[in-house]
Amino acid sequence: MQVQAKKTEEYFIKNKPFYQRVADEIEIFEAAYQQKLPILLKGPTGCGKTRFMEYMAWRLKKPLITVSCHDDLTASDLVGRYLIQGGNTIWVDGPLARAVRAGAICYLDEIVEARKDTMVVIHPLADDRRVLPMEKLGEILEASDDFCLSISYNPGYQSVLKDLKQSTRQRFVALEFDYPDADLETDIIAKETDIDKSVAANLVKFANMTRNLKGSGLEEGASTRLLVHAAKLMHSGIAPTTACHTAISQALTDDSDMLVAVNELCSSVF
Amino acid sequence: MNAKTPLSSEDILKRLDIYLDVEFTFYHNEQHAKILSALPLTQQQYILAWVQRTASTHHELGYQFMAHIVDILNEIDAKTIEAWALHAMDTYDVKGLYPALEIIRNVSNFLQLSHEKEAGAVLEDESAILLHFVHGLSGRKLKLEEAEQAYTDTETIFLPALVAPLKNKKENFKLYKVMVAYCWAQSRFGTYLINLYTEVENSEYPEKFIALFHAVETLRLEHCLARELPGLYRQLCEIKSQLDNSTLDLQWQAISDQLQSEICTANDTLDIVNQYLNQLEPFTPYCYQGLLQPEITASVIQARINEEKKQLKNILRKMQDDFDEGKEPKPPQKMPANERFDLKEIKEHSSQQDFTMELTLDDQPIAPPENAKNLMSSILQDLGEIPDEYLVAAGDGEYDPSFFEEKEEDPDDVWKVPYHEEGAFLYNEWDFKRQNYRKNWCAAREKVVKPIYDNFVNNTMSKHGKLIKHLRKTFEAMRDDNKLLKRQTNGDEIDIDAYVEALADTEDGSEMTDRLYMQMQRHERNIAVCFMVDMSGSTKGWINDAEREALVLLCESLESLGDRYAIYGFSGMARKRCEIYTIKAFDDNYDEEVKARISGIEPKDYTRMGFAIRHLNKKLLDIEAKTRILITISDGKPDDYDSYRGEYGIEDTRRALVETRRAGIHPYCITIDSEAKDYLPHMYGVAAYTVIDEIRELPLKVSDIYRRLTT
Ligand SMILES: Nc1ncnc2c1ncn2[C@@H]1O[C@H](COP(=O)(O)OP(=O)(O)OP(=O)(O)O)[C@@H](O)[C@H]1O
Ligand SMILES: [Mg+2]
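This one's a predicted model, so the numbers in the text were calculated from it and none came from an experiment. (Residues numbered from 1 in each chain as written. Chains lettered and ligands numbered in written order. Predicted model: local features only at pLDDT ≥ 70, side-chain atom pairs only at ≥ 80, totals over all residues. Heavy atoms only, no water.)

1. Section: the pattern of salt bridges
The criterion, for reference: Just to be clear on terms, a salt bridge is a Lys or Arg side-chain nitrogen sitting within 4 Å of an Asp or Glu carboxyl oxygen. Numbered from the N terminus, helices here are DSSP runs of H or I no shorter than four residues, and strands are runs of E no shorter than two. Exposure categories follow from relative accessible area, calculated using a 1.4 Å probe and restricted to protein chains: below 20% of the type maximum is buried, above 50% is exposed, and the middle band is partly exposed.
This model, assessed by the stated rule, comprises 46 salt bridges over all chains. D492(B) is the salt-bridge partner of R81(A), the closest N and O atoms lying 2.6 Å from each other. Residue R81(A) is located in strand β3 (residues 80-85), and its partner D492(B) is located in the loop between β11 (483-488) and β12 (493-494); the two belong to separate chains. Among the ionic pairs, K439(B) bridges to D90(B), the shortest N-O distance being 2.5 Å. Separated by 349 residues along the polypeptide, K439(B) in strand β10 (residues 436-448) and D90(B) in helix α6 (residues 78-95) bring together distant segments of the chain. Accessibility expressed as a relative area gives 45% for K439(B), which makes it partly exposed. Among the residues examined, D90(B) registers a relative accessible area of 18% and is labelled buried. Members of the salt-bridge network, linked through shared partners, are D93(B), D431(B), R434(B) and R438(B).

So this is what it looks like as structure tokens:
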């Protein structure tokens, strides 16, 4: 088979991603998209934000450009920079500029992780101007109607230092995500991994036990993602308790008492 | 004399006389010395060391230890001696001399218990895990406590201190776990939804009634556990098969089958009990079953119901007021005042604990705040429903706005009699004579320095105006400086100089370098520092002024530097009254309030340092930082009202600083003490330290030391 390399702005999601709707998030996203409003996805880790974006990109038939923000991400990394090639300087667009030009959906994952000065380059894009100033190039890029900016943010575990600034958050329509309720989550896991529904239900029961411990010993309960991991291991024949220990408990905590307790909860359920 | 030669009886006697202060206590040690003289040297030394340590706690304890150990030399190993002596000393700390002596005298009991403990599970060791376990199971945040037998009052689960019927620790731990799950199941599956207490009261044969009810209800709860926690249920059956007669006779089996369905409740149990009260004998209680305590439980539930009703009505009132606000003039009320709130079930739900009702106000759905949701599910658990009268907002008479103010307990209140340690942070203290910690010895409380809004800070600023300018400049220069790195292989911008040079190079035909970019390198100062300031009585006057001035300068410097910092004062009056004064917490801004607190720092009581160091270590560890620093500023020797004088205090302080080091925090001590320098190297040696003899210099020095420390 030949591997085909594609430019990111030409990358359309062809197969419908599996996304289980939880409330009216799809309609709201679509409305915001039509109204050219930027969107903020709020919610704990592993609750389906990235999956939702893939699904929406597919649904709106737009390319999706995702940037995972890290603490060294500079404005140039997003906007673009000059490079030297064969003795000449050439300008190379960053992913944000490419998305703006192509009218794609740009998803900045975990935006607060980025350097503070990076955040402000998205401001003019996120209000009704919808432009991207490219200072070094001396140009201003106007976004086409198709372009959509969306960012994600986990309010739970960030330190005060990494809070989202008011001037940033007040530009966005906020969609709140959380772990779906027990029946829905069971469905998601069963569909995503082909395991038995009753096993999936037990996984969700166990997950909710760990979520009860949030704030009294655990920083965060087990996410849907971790449940999917454990379910996949089980699907390949790993015993349920072993799968949970490795895929869930160990991911949640290093505290030895807590580990024992979480494992005991797990073996109570299975 | 050979180094391995045992001590003679005389040598031993001499030592014992010193350890036990025989000159004043008149103990007779001749006999004991003689017995000891027959032992090899290492054993002699080991025992003598423990006599010395126990005697340092109390002479009588040391003497009795000596008197008893000679009798059991053959039965006891070094590890057990240590455990025994430490247990006695810990008991002395908590309960006093007589209970401690009891431990020493009753050594055979201790030996037996320690054998049991070897194979048994000990609540003290397992409670952290069990508590997480029960919190994970959900529902109310149940507490754990020790009692003779297992039971629950629906708020606390009581467990025996030791569980040892099974062959090893691991198995016995499982029994604990099953006990906990069974108690949890009583709350979760509604054992107390019926009023057991009145049922017992009204019964002709109360004892028989409760025993039978307990047996039948146990069968019902076993079915619940089998459904809800199948894994745990398997372990329960395993344990039962080892410890109990777990096969039921035909009649009991039939009853069990009757209770198997998910829809069975405690009412079905009650029906069965009433039906068979005269024809059925309860089976021998299962090993995990513990007790039912209807009377205690009833009063706990009643108290909670009253409290939660009040709370709920208050929250509803607040919601209603918020709802009505801004609707002036008031629209005509369609509903009578006591029917405005309503609850509707939104859907059948598998787990009855999730709150799946919808609250409406004037027929409009309204989302209850989190605390109201928790209250409603707790009420639901107690009553099975939320009665209409609960859904009426508190009237003016019942309304208590203070309910919404943050209920911070006034730290001073706890000193009103009777004394209790609730809400205090407990810290160990190092007893050098005992060569061990006194457990939970200090009760520390946090208070906030009472702000004084005066001109102190401004005056200091103008007094030291030039110095402050200088400090600001120096500290600004230390800020995160972004360095522009030139000639990099990649970067945000093209390095024009390098590029021009490279182009020139290519003219002569040499190869073009790839180092053509510039990159901004960030240099992050990821430092958190905590200052611990002496507020003991001896700082009165000059020293206090100098300390406060030093803090003003420090804050000015640190503000321009941008490091995260906190400032706490400490003082104390004996071990139960250790106080930490917040001047500036890490999260506080350097604002008017903090300035007024600096101005409000005043001399209090004594200088007990250990607990303060330990407390602030904990605070520092909570902060995410690459480098953590603890700087103490004090005026001299540790000293307190009780025994924290002299060597004891010095050794505890030293020990606390060792703990600081071990935790990865850098300790640094600044002392304003010109005389007694002799003990400082020993006490502060584990840290780095500076002595300032001129109090006048303190303000400048503190900032200066910080600068040197962090560059
Ligand atoms: N509603 C949903 N429909 C389908 N799958 C879901 C849904 N929610 C969660 N998942 C599953 O959970 C996994 C993790 O979700 P995802 O990667 O979208 O998390 P995220 O919210 O982006 O987390 P993070 O903040 O850590 O990036 C997905 O791979 C998918 O299997
Ligand atoms: Mg994601």
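Okay, back to it.
2. Considerations on the site of ligand 1
Residues and elements named next belong to chain A. Inclusion rule: Any residue with a heavy atom positioned within 4 Å of a molecule or strand is treated as near that molecule or strand. Polar contacts, as used here, are pairs of N or O atoms within 3.5 Å; protein pairs need one atom able to donate a hydrogen and one able to accept it. Residues neighboring in sequence count only if both atoms are side-chain atoms. What sets the accessible areas is the Shrake-Rupley method with a 1.4 Å probe; for residues, cover comes only from the shown protein chains. Each residue receives one of three labels: charged for Asp, Glu, Lys and Arg, nonpolar for Ala, Val, Leu, Ile, Met, Phe, Trp, Tyr, Cys and Pro, and polar for the others, Gly being one of them.
Near ligand 1, the surroundings consist of 17 residues, among which Q20, T45, G46, K49 and T50 are the closest. Contact distances for ligand 1 include 2.6 Å between an oxygen atom and a side-chain N or O atom of T50. A distance of 2.9 Å is found between an oxygen atom of ligand 1 and a backbone nitrogen or oxygen belonging to R51. Out of a free accessible area of 640 Å², ligand 1 has 90% covered by protein chains. Among the secondary structure elements, those contributing two or more residues to the shell around ligand 1 are α2 (49-60), α8 (182-193) and α10 (224-235). Looking at the shell around ligand 1 residue by residue, the classes come out as 5 nonpolar, 6 polar and 6 charged.

3. Side note on the packing of aromatic side chains
Our working definition: By convention, a stacked pair of Phe, Tyr or Trp rings (six-membered ring in the case of Trp) has centres within 6.5 Å and planes under 30 degrees apart, an edge-to-face pair has planes over 60 apart, and any other such pair is tilted.
The full count for this structure, using the stated rule, is 16 aromatic pairs over all chains. Between F29(A) and F52(A) the ring centres are 5.6 Å apart and the planes differ by 85°, which places this aromatic pair in the edge-to-face class. Residue F29(A) is located in helix α1 (residues 25-34), and its partner F52(A) is located in helix α2; the two are separated by 23 residues in the primary sequence. Judged by relative accessible area, which is 0%, F29(A) ranks as buried. Measuring from centroid to centroid gives 4.2 Å for Y27(B) and Y63(B), while their planes differ by 10°, and the two rings are stacked. Of this pair, Y27(B) sits in the loop between α2 (22-25) and α3 (30-37) while Y63(B) sits in helix α5 (residues 59-69), and the two are 36 residues apart along the sequence.

4. A word on the interface of chain A and chain B
Worth spelling out the cut-off: It only takes one pair of heavy atoms within 4.5 Å for two residues to be counted as in contact. Two parts placed together each lose some accessible area under a 1.4 Å probe, and the buried area is that loss summed for both.
Between chain A and chain B, the contact holds 33 residues from the first and 32 residues from the second. With both sides pooled, the region where chain A packs onto chain B buries about 2,700 Å², and carbon together with sulfur makes up 54% of that total. Looking at the side of chain A facing chain B, the largest losses of area belong to I84(A), E264(A) and S268(A), adding up to 20% of the total buried there. The tally of links between chain A and chain B comes to 3 salt bridges. Residues E264(A) and K177(B) are paired through a salt bridge, measuring 2.3 Å at the closest nitrogen-oxygen approach. Linking chain A to chain B there are 11 residue pairs in polar contact (both at pLDDT 80 or more). Of all the elements, helix α12 (residues 256-269) of chain A adds the most residues to the side of chain A that touches chain B, at 9 residues.

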